[in-house]
Amino acid sequence: MKRIILLSVAICIALASLAANNAGRRYQPGDVVDERYLKSHGHEAFFSINAIPDSIFALMQGRSYKRDCTVARSSLRYILCLHRDDGGRSIVGEMVVNKSIASDVVEIFRRLYEAGYPIERMRLIDYWDADDERAMTANNSSSFNFRFISHTKTVSKHGMGMAIDINPLYNPYTKTLRGGKAIVEPSAGRPYLDRNRKFKYKITRGDLCYRLFRKYGFRWGGDWKTMKDYQHFEK
């Protein structure tokens with residue numbers, strides 16, 4: 001009898017898992033999820049960590065995964081998660097990150113979603129041909145994009161999938177050169193350098209996004225001294 005009960009429990013768990021997976025497959029990255037569907041099925045099936053699927057790896061070729069990429073495909077993970085935009089809509093997001101931080105990143109996004117923290121867009125940077133300026137101008141949150149640090153053979157944090165950019169249009173990167181000229185990336189983010197202003201999607205020191213990334217051991221570019229990268233969290 002005990003074996004029969006245990007078998008029944010195992011079957012129920014398997015069926016529940018299958019149902020959750022099927023629920024997640026109904027929607028694709030970029031889709032807005034019906035709140036009635038979420039109320040009925042829950043949101044857990046929308047948070048997952050996967051090896052890079054062949055279709056996604058094909059999309060990455062020559063874009064984020066460049067010909068000279070030294071990071072193994074097996075070192076990366078494709079994650080799916082829900083995020084809410086400023087209007088409160090639930091949207092399916094996707095991102096490629098290093099496998100060593102995948103679990104932490106999914107948990108951070110899960111908690112941000114459950115708290116209603118706004119993230120406007122989360123698609124693979126490959127849809128912008130891995131062009132940072134274009135993707136940031138679209139306010140797209142992303143991670144992996146292979147590149148070396150300028151004039152070195154050292155792979156950058158984004159090149160390893162160890163850095164996450166959140167709402168980059170409203171949280172730009174800036175650095176003042178010796179001549180006094182300020183570089184702003186994306187250039188459309190210049191109006192948001194005034195961090196005393198109130199505007200949507202702004203990351204501030206001490207807000208939930210900051211606290212969660214710091215809790216999981218990430219550093220924030222907004223804390224840097226010689227430059228500011230308000231969108232950027234890295235390990």
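Sequence positions are assigned chain by chain, starting from 1 and proceeding in written order. Where totals are concerned, whole chains, interfaces and linings use all residues; where local detail is concerned, this predicted model gives features only for residues with pLDDT of at least 70, and gives and counts side-chain atom pairs only at 80 or more. With hydrogens and water set aside, each side-chain value is computed from the structure's full complement of heavy atoms.

S.K.: With reference to specific residues and values, describe the overall build of the protein chain.
M.R.: Labels follow the DSSP assignment, with helices taken as runs of H or I lasting at least four residues and strands as runs of E lasting at least two, numbered in each case from the N terminus. A count of helices and strands for the protein chain gives seven helices and 10 strands. For the protein chain, with 235 residues in total, the buried portion stands at 44%. Considering only contacts within the protein chain whose residues lie at least 6 apart along the sequence, 58% involve residues at least 24 apart. With an accessible surface of roughly 12,500 Å², the protein chain has 53% of that area assigned to carbon and sulfur atoms. Here's how the labels work: a residue is buried when its accessible area is under 20% of the maximum for its type, exposed when over 50%, partly exposed in between, all with a 1.4 Å probe on protein chains only. In what follows, a contact means two residues having at least one pair of non-hydrogen atoms within 4.5 Å. In this description, accessible areas are obtained by the Shrake-Rupley approach with a 1.4 Å probe, and a residue is regarded as covered only by the protein chains that are shown.

S.K.: Please set out the nonpolar core residue by residue, giving values where relevant.
M.R.: By size, the foremost hydrophobic cluster in this structure holds 35 residues, and its most contacted members are Phe46, Phe109, Ile164 and Ile166. Broken down by secondary-structure element, the contributors of at least two residues to this core are α2 (35-41), β3 (76-84), β4 (90-98), α4 (102-115) and α7 (208-215). Sorting elements by how many residues they give to this core places α4 first, with seven residues. Every residue in contact with Phe109, bar those within four places of it in the chain, is listed here: Phe47, Ile79, Cys81, Leu82, Met95, Ile119, Met122, Ile164 and Ile166. To form a nonpolar core, buried Ala, Val, Leu, Ile, Met, Phe, Trp, Tyr and Cys residues must be joined to one another through side-chain atoms within 4.5 Å.

S.K.: Which residues make up the pattern of salt bridges, and what values do they have?
M.R.: Oppositely charged side chains can form a pair if their charged atoms are brought close together. Think of a salt bridge as a Lys or Arg side-chain nitrogen and an Asp or Glu carboxyl oxygen that are within 4 Å of each other. By the definition in use, this model includes 13 salt bridges. Between Arg110 and Glu107 there is a salt bridge, with its nearest N and O atoms 3.1 Å apart. Pair noted here: Arg110 and Glu107 are both in helix α4, with a separation of three residues, about one helical turn. Taking relative accessible area as the criterion, Arg110 reaches 17% and is therefore assigned buried. A residue is classified by how much of its surface remains accessible, and Glu107, at 27% relative accessible area, is partly exposed. Put simply, Glu44, Glu107 and Arg110 are held in one network by salt bridges that share partners.

S.K.: Residue-level account of the pairing of β3, with values.
M.R.: Of all the nine residues making up β3, seven are buried; the element is thus mostly covered by neighbouring parts of the structure. Note that strand β2 (residues 48-50) and β3 share three bridges and pair antiparallel. Among the inter-strand pairings, Asn50 is bridged to a residue of β3, identified as Tyr78. Two strands make a pair as long as DSSP finds a minimum of two bridges between them. The pairing of β3 with β4 spans nine bridges and is antiparallel. Pairing of Ile79 across the sheet is with Met95, part of β4. Connecting β3 to the antiparallel partner β4 that follows it, the hairpin turn spans five residues, and Gly88 within it adopts a positive phi of roughly 90°.

S.K.: Run through the environment of Lys228, naming residues and quoting values.
M.R.: With respect to the element layout, Lys228 can be found in strand β9 (residues 228-229). The spacing of Lys228 and Tyr173 is 55 residues in sequence and 5.6 Å in space, taken between C-alpha atoms. Not counting residues up to four positions away in its chain, the partners in contact with Lys228 are Pro172, Tyr173, Thr174, Gly221, Gly222 and Asp223. Here a polar contact means two N or O atoms within 3.5 Å. Within protein one must be a hydrogen donor candidate and the other an acceptor candidate, and residues neighboring in sequence count only if both atoms are side-chain atoms. Within polar-contact distance, the side chain of Lys228 engages the backbone oxygen of Gly222 at 3.0 Å. Here the side chain of Lys228 touches Trp224 through a polar contact of 2.8 Å, landing on its backbone oxygen.

S.K.: Now, about the sheet that holds strand β8 (residues 219-220): what can you tell me, with residues and values included?
M.R.: The strand order β5-β10-β8 describes an open sheet built from three strands, whose pairing is antiparallel. Edge positions in the sheet fall to β5 (163-165) and β8, since each has one partner strand and no second. Here β5 pairs with strand β10 (residues 232-234) via three bridges, running antiparallel. Looking at the pairing, Asp165 lines up with His232 of β10.

Keep in mind these numbers describe shape, not what the thing actually does.
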